[in-house]
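# Examination of the molecular architecture
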Amino acid sequence: MSAQILDGKAIALELRESIQQEVEAQVAKGKVPPGLAVILVGEDPASQVYVKNKKIACDKAGFNDVSMVLPAETSQAELLAKIDELNAREDVHGIIVQLPVPDHIDPEEIIERIDPKKDVDGFHPYNMGRLATRLPELAPCTPHGVMTMLAKTGIPLRGLNAVVVGASNIVGVPMALELLNERATVTVCHSATKDLPQKVAEADLVVVGVGIPNMVKGDWIKDGAIVIDVGINRLDDGSLCGDVEYDKAKEKASWITPVPGGVGPMTIATLLQNTLQAAYGVKA
Ligand code: GUN
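What this report covers is the structure whose coordinates are included nearby. Remember, predicted model here, so these are calculated numbers, not experimental data. (Residues numbered from 1 in each chain as written. Predicted model: local features only at pLDDT ≥ 70, side-chain atom pairs only at ≥ 80, totals over all residues. Heavy atoms only, no water.)

Turning our attention to the nonpolar core. With 44 residues, the main nonpolar core has Ile-19, Phe-63, Leu-150, Leu-179, Leu-205 and Ile-228 as its most contacted residues. Ranked by the residues each element gives to this core, the list is headed by helix H10 (residues 263-280), at 8 residues. Not counting residues within four places of it along the chain, the set of residues in contact with Ile-19 comprises Ala-61, Phe-63, Ala-269, Leu-272, Gln-273, Leu-276 and Ala-284. With 18 residues, the next largest nonpolar core counts Ala-203, Val-216, Trp-220 and Val-227 among its residues. (Core = buried A, V, L, I, M, F, W, Y, C linked by side-chain atoms within 4.5 Å. Buried < 20%, exposed > 50% of the residue type's maximum accessible area, 1.4 Å probe, protein only. Helix = DSSP H or I, 4+ residues; strand = E, 2+ residues; numbered from the N terminus. Contact = heavy atoms within 4.5 Å.)

In this structure, Pro-100 follows Leu-99 across a cis peptide bond, with omega equal to 0°. With respect to the helices and strands, the residue Pro-100 is situated in the loop between strand S5 (94-97) and helix H4 (107-113). Following Val-259, the chain continues into Pro-260 via a peptide bond in cis, with omega recorded as 0°. Within the secondary structure, Pro-260 sits in the loop between strand S12 (255-256) and H10. In the Ramachandran plot, Arg-134 falls in the positive-phi region, its phi being about 65° despite a non-glycine side chain. The residue Arg-134 is located in the loop between helix H5 (125-132) and helix H6 (141-153) in this model. Arg-134 gets classed as exposed once you look at its relative accessible area, which sits at 52%.

What follows is about the pairing of strand S9 (residues 226-229). Neither face of S9 is open: one carries Ile-226 and Ile-228, the other Val-227 and Asp-229, and all of them are buried. In the sheet, strand S8 (residues 205-208) pairs with S9 via 4 bridges, with the strands oriented parallel. Paired with Val-208 across the bridge in S9 is Asp-229. Pairing of S9 with S12, which is carried by 2 bridges, proceeds in the parallel orientation. Note on S12: the bridge partner recorded for Ile-226 is Trp-255. (Pairing = 2+ DSSP bridges.)

So, on to the pairing of strand S6 (residues 161-165). Within S6, 4 of the 5 residues are buried, leaving the element largely enclosed by the surrounding structure. With 5 bridges connecting them, S6 and strand S7 (residues 185-189) associate as parallel partners. In the strand pairing of S7, Val-164 is matched with Val-188. Note on the crossover from S6 through helix H7 (residues 172-181) to S7: the handedness is right-handed. As defined by bridge partners, S6 adjoins S8 across 4 bridges and the pair is classed as parallel. Bridging from a neighbouring strand, Val-165 pairs with Val-208 of S8. (Right-handed = clockwise from strand over helix to strand, strands pointing away.)

At a closest axis distance of 8 Å, the pairing of H6 and H10 adopts a crossing angle of 105°. It follows that H6 is roughly perpendicular to H10 by the angle criterion. Judged by residue contacts, Cys-141, Thr-142, His-144, Gly-145, Val-146, Thr-148 and Met-149 of H6 engage Val-263, Met-266, Thr-267, Thr-270, Leu-271, Gln-273 and Asn-274 from H10. A class-by-class count of the residues in the contact of H6 with H10 yields 6 nonpolar, 8 polar and no charged. (Axes fitted to C-alpha atoms, helices over the stretch in contact; angles between N-to-C directions. Parallel < 35°, antiparallel > 145°, perpendicular 65-115°, else oblique. Nonpolar A, V, L, I, M, F, W, Y, C, P; charged D, E, K, R; others polar.)

Take a look at the structure:
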């Protein structure tokens with residue numbers, strides 16, 4: 001079997017266009033455009049690329065882009081004060097602090113300072129708790145974007161054996177909660193998991209987000225499984241690859257996401273979707 005490709009770039013474009021149309025309709029009714037503040041502290045090169053892409057997407061969708069770059073020496077207190085200022089602004093509906101932050105900054109305290117209604121990353125314990133209790137409000141963008149992609153396969157998730165490889169707060173844990181909420185049987189694997197190849201071999205659906213190039217081997221994949229690769233790794237030759245051995249996995253899977261052009265574009269589109277929801281209470 002050679003897998004069908006889950007084209008995240010195309011699905012994200014479609015979602016961004018419907019968001020743009022909703023913004024135009026709301027602005028025509030006299031509402032202000034959704035305001036998104038992306039805060040980057042320091043000069044991490046990968047973060048600079050993400051933030052630039054977020055800015056482009058924001059501008060195209062007709063959002064008010066309130067991005068800011070703060071010096072790497074910014075103190076915890078200064079960053080908290082900036083968040084307080086953005087929390088109070090009526091024209092700002094979404095606030096995110098790009099991760100990772102410099103070592104002297106405590107990310108948990110920063111995330112908890114963001115007003116949960118403006119937490120468009122969905123990382124605040126309030127929003128994670130809403131997802132865990134099956135009452136989601138603003139859900140983390142990458143896992144929620146994966147759910148949007150999975151819906152495009154038309155395959156019901158109910159009863160599937162889903163294996164999530166990686167247990168981060170950004171990807172693995174909220175991904176497991178999203179899949180559980182759709183009635184999949186979910187196994188979460190991490191660095192202490194015994195016999196990972198066997199766990200993956202039992203999966204009807206496998207989602208991998210570990211940040212290790214080609215870590216999940218193609219011959220672990222069960223025939224006909226859906227394979228979602230959240231990893232984006234840059235190799236020494238400058239090329240990008242995922243966390244799954246793509247060429248071999250493609251021969252076994254029914255559906256697979258490419259890297260690049262799979263999950264990555266969905267994360268940004270879902271960030272815009274969350275910001276639209278925070279601004280107007282509607283979902284695109
Ligand atoms: N760093 C890597 N992914 C993300 C994300 O989704 N949001 C934020 N704020 N930082 C990140």
